[in-house]
Every structure is written in structure tokens, then in C-alpha cells.
Amino acid sequence: QVQLVESGGGLVQAGGSLRLSCAASGLTFYRYVMAWFRQTPGKEREFVAAISGSGGSTRYADSVKGRFTISRDNAKNTVYLQMSSLKPEDTAVYYCAADTAFVETISSAYDYWGQGAQVTVSS
């Protein structure tokens, strides 16, 4: 019933920008903390950013602070990740996730996951 669908991934040049979207259905969206994680082959899923249900609180990984912005539109049941000044090391599959409790940086805290969107940054 619950579904999270990412979109907006693709190939960009280093220094460029990309905006990911995650559309949610089957849940009371405003009650959920939403987050973005990313994963590359052979690595654990890595926290990127999270936002509280109201949008009043955000948290970012040190590696993306100042470059990425998480936001949400509760009327559209959608969370966004605006990525700027992209670097090759940002290349990964990006996943959105939903959590009913608190803003967390641990992937195991999240209840629902999208299918992932590939982001590739070329040098």
C-alpha cells in the first residue's frame, strides 16, 4: 500500500545541479520524517539528508552541507533533494525513506523505502 517513487536522477557534469523528487502514497504524509540516503556498490547505505514532518527541522550529512537542500511539499505528498555543486563522489543510487518517529541518520530507523534513482556525476 505504501509507495515511495523517486524521480529526477540522471547524468550531470561535475559542478552541475540536479533535483530529485520522491512522491509518497498510502501514508499520512505530514506525519512522517522523510530522508534521503545514497548507496554505491560495495558500500553501506549512507545518510544524506532528512526533514521533519512539518518541514521545520532539517539535517544533513557533513559531505553535502552547503550543497544539497532537502524540502517537502505536504500538499503534494512529495519530498525533494536539490543537489548543487555536484562532485563525482556524489555518484550513487539515491533512495528516499519515511519514518514515523524522529529525524534519524541511521537507515534501519526508516520504515519505508523507494526503489532508488541513479545519479551519476562525471568529471
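Everything below is about the structure shown above.
Residues numbered from 1 in each chain as written. Predicted model: local features only at pLDDT ≥ 70, side-chain atom pairs only at ≥ 80, totals over all residues. Heavy atoms only, no water.

### A word on the environment of W36
Here is step 1 of the chain: As for its placement among the helices and strands, W36 is situated in strand β4 (residues 33-39).
Here is step 2 of the chain: The class of W36 is buried, set by a relative accessible area of 0%.
Here is step 3 of the chain: With 11 residues separating them in the primary sequence, W36 and F47 have C-alpha atoms 6.6 Å apart.
Here is step 4 of the chain: Side-chain polar atoms of W36 contact the backbone oxygen of Y80, separated by 3.4 Å. (Helix = DSSP H or I, 4+ residues; strand = E, 2+ residues; numbered from the N terminus. Buried < 20%, exposed > 50% of the residue type's maximum accessible area, 1.4 Å probe, protein only. Polar contact = N/O pair within 3.5 Å; in protein donor to acceptor, adjacent residues only side chain to side chain.)

### Comments concerning the pairing of strand β5 (residues 46-51)
Here is step 1 of the chain: A large share of β5 lies buried, amounting to 5 of its 6 residues.
Here is step 2 of the chain: With 5 bridges joining them, β4 and β5 adopt antiparallel strand pairing. Residue F37 lies in a different strand from β5, and its bridge partner there is F47.
Here is step 3 of the chain: Hairpin remark: β4 followed by β5, antiparallel, with 6 residues in the connecting loop; positive phi at G42, about 80°.
Here is step 4 of the chain: The pairing of β5 with strand β6 (residues 58-60) spans 3 bridges and is classified as antiparallel. Note on β6: the bridge partner recorded for I51 is T58.
Here is step 5 of the chain: Linking two consecutive strands that pair antiparallel, namely β5 and β6, is a turn of 6 residues; a positive phi of about 85° is found at G55 within it. (Pairing = 2+ DSSP bridges.)

Spatial relationships are all this shows, so hold off on functional conclusions.
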